[in-house]
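Observations on chain architecture
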Amino acid sequence: MRASIQSVVLPVAGLGTRFLPATKAIPKEMLPVLDKPLIQLAVEEAHKAGIKQVVLVTSASKRAIEDHFDVNFELEATLEQRGKLAMLDAVKTTLPNGMTLAVVRQPKALGLGHAVLCAQPIVGNQPFAVMLPDDFIDDTQGGCLADMVALYNQEQAYSLAVEEVPRDKTDKYGVVSLNEEGRIVAMVEKPKPEVAPSTLAVVGRYVLPGAIFEALTEVKPGAGGEIQLTDGIASLLASEHFRPHRFKGVRYDCGSKLGYLQANVALGLRDTEVGQSFAAWLKTQ
Ligand code: UTP
């Protein structure tokens, strides 16, 4: 029996340039979808997957993320005094009960692969999950990561969440190719449409073996001097079984303006407090 998945790594040390100037002083991961920041939606999905430890890989300008999961005595005391108990509970459980949070710094934005490697001293050489919080996966039934952890528990399979994308968009994603058994046999980062091995794109959820750390230390920096997670995974495909996970629900790329707006509209329309009036207003636009 292999070790279970205990940790999720959340790399949040990127610069978030697509959302400037909003992300000049506020981390991209703190942008809210309705009333919860992206980072909290990711942590809640990890909680549903039974994950116990959250490992944030942050940079100097991301203190707000740590604070979001920490105790805020003054705010809690005020809410208690005013009898705002539902809000008090919401503030106290930003980190769900039973979860712990560890923080490591990525000293320089040297790429996603490098960010994941920074988590090695905390994760150890155990299998673990990685989530990119700006890929918000809205699955009202279960959760993408919960399904991937279940796949690992049942079949000992590592996996990457994937979805079909239009061929003219392959250069925005890591793209995989599969063999007849459905195993991932190749993965390339941002291929041009004419050379992409398929249109099956990897999105921000991964269940990885501890061996990825060793693999990442071998990866040479690619374009822009970045160490790509894709290259680390690609080097393991011959020795480890990786499966594509076609997730349920809808993925919103909240690192882009369009995806971020769509996620807010989707959750806004379902909101018990403002959903109906929001829908009525939307019809008038
Ligand atoms: P992105 O490619 O979305 O980059 O990174 P970014 O800097 O966050 O955003 P843009 O493109 O400039 O707007 C994918 C994920 O990898 C993390 C990011 O924080 C994001 O979660 N990352 C990227 C790091 O943690 N470190 C890096 O060096 C690069």
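All figures in this text were calculated on a predicted structure; none of them were measured in a lab.

A few words now on the site of the ligand. Not every one of the 17 residues close to the ligand is listed here, only the nearest: Leu15, Thr17, Arg18, Lys28 and Gln106. Here an oxygen atom of the ligand sits 2.8 Å away from a polar atom, N or O, in the main chain of Gly111. For the ligand, the protein covers 82% of the area, taking 570 Å² as the surface of the free molecule. Taken together, the residues of the shell around the ligand sort by class into eight nonpolar, five polar and four charged.

Enumeration over the complete set of coordinates arrives at 13 salt bridges. Residue Asp168 pairs with Lys169 through a salt bridge whose shortest N-O separation is 3.9 Å. What makes Asp168 exposed here is its relative accessible area of 52%. Classification of Lys169 by relative accessible area gives partly exposed; the value is 37%.

The subject of this paragraph is the packing of helix 3 (residues 73-81) against helix 4 (residues 85-92). Where helix 3 contacts helix 4, the two axes come as close as 8 Å, and the packing angle between them is 160 degrees. Judged by the angle between their axes, helix 3 and helix 4 are roughly antiparallel. Judged by the sense of rotation from one axis to the other, the crossing of helix 3 with helix 4 is left-handed. Residues Leu75, Glu76, Leu79 and Glu80 of helix 3 form the contact with helix 4, whose own contacting residues are Met87, Leu88, Val91 and Lys92. Across the contact of helix 3 with helix 4, the residue classes break down as five nonpolar, no polar and three charged.

What follows deals with the pairing of strand 6 (residues 128-131). Residues Phe128 and Val130 point to one face of strand 6 and Ala129 and Met131 to the other, with burial holding for every one of them. When strand 1 (residues 7-11) meets strand 6, the two strands line up parallel, connected through two bridges. Opposite Val9, over in strand 6, you have Val130 as the bridge partner.

All of the buried residues along helix 8 (residues 211-218) are Ile212, Phe213, Ala215 and Leu216. Viewed end-on, helix 8 has its buried residues packed into an arc of 165 degrees, placing them on one side of the element. Structural note: helix 8 exposes Glu214 and Glu218 on the side pointing more than 90 degrees away from its buried face. Turning to helix 8, the residues buried within the fold contact helix 5 (112-117), helix 6 (120-123), strand 6, strand 11 (200-208) and helix 9 (229-234).

Right, let's get into the nonpolar core. Burial of nonpolar side chains together is a common tendency in soluble globular proteins. If you look at the biggest cluster of nonpolar residues, it comprises 63 residues, and the most contacted ones within it are Leu145, Leu160, Leu208 and Ile233. The element that contributes the greatest number of residues to this core is strand 11, accounting for six residues. Discounting residues that sit within four places of it in the chain, Leu145 has contacts with Val8, Glu45, Ala46, Ala49, Ile51, Ala129, Met131 and Val207. Core analysis: the second largest hydrophobic core is formed by twelve residues, Leu31, Tyr252, Cys254 and Tyr260 among them.

Looking now at unusual backbone geometry. Note that the residue after Leu20, namely Pro21, is joined by a cis bond; omega there is 5 degrees. By secondary structure assignment, the location of Pro21 is in the loop between strand 1 and strand 2 (32-33). For Leu34, which is not a glycine, the phi torsion comes out positive at approximately 60 degrees. Positionally, Leu34 belongs in the loop between strand 2 and strand 3 (36-37).

One pass over the structure, following the stated rule, counts six aromatic pairs. Pairing Phe128 with Phe213 gives two aromatic rings, centres 4.9 Å apart and planes at 5 degrees, and the pair type is stacked. Note that Phe128 is positioned in strand 6 and Phe213 in helix 8, a separation of 85 residues in sequence. Relative accessible area serves as the criterion here: at 0%, Phe213 is assigned to the buried category. Consider the rings of Tyr152 and Tyr158, whose centres lie 5.7 Å apart with planes at 35 degrees: the pair is tilted. There is no split in this pair, since Tyr152 and Tyr158 are both buried. A network of ring pairs unites the aromatic residues Tyr152, Tyr158 and Phe242 as a single cluster.

Rules used in this analysis
Residues numbered from 1 in each chain as written. Predicted model: local features only at pLDDT ≥ 70, side-chain atom pairs only at ≥ 80, totals over all residues. Heavy atoms only, no water. Near = heavy atom within 4 Å. Polar contact = N/O pair within 3.5 Å; in protein donor to acceptor, adjacent residues only side chain to side chain. Areas by Shrake-Rupley, 256 points an atom, 1.4 Å probe, with all protein chains shown as cover. Nonpolar A, V, L, I, M, F, W, Y, C, P; charged D, E, K, R; others polar. Salt bridge = Lys/Arg side-chain N within 4 Å of Asp/Glu carboxyl O. Buried < 20%, exposed > 50% of the residue type's maximum accessible area, 1.4 Å probe, protein only. Axes fitted to C-alpha atoms, helices over the stretch in contact; angles between N-to-C directions. Helix = DSSP H or I, 4+ residues; strand = E, 2+ residues; numbered from the N terminus. Parallel < 35°, antiparallel > 145°, perpendicular 65-115°, else oblique. Left-handed = near helix turned anticlockwise from the far one by under 90°. Contact = heavy atoms within 4.5 Å. Pairing = 2+ DSSP bridges. Arc of directions from axis to C-beta. Core = buried A, V, L, I, M, F, W, Y, C linked by side-chain atoms within 4.5 Å. Phe/Tyr/Trp six-rings, centres within 6.5 Å; stacked < 30°, edge-to-face > 60°.

What is shown is where atoms sit, not what they do.
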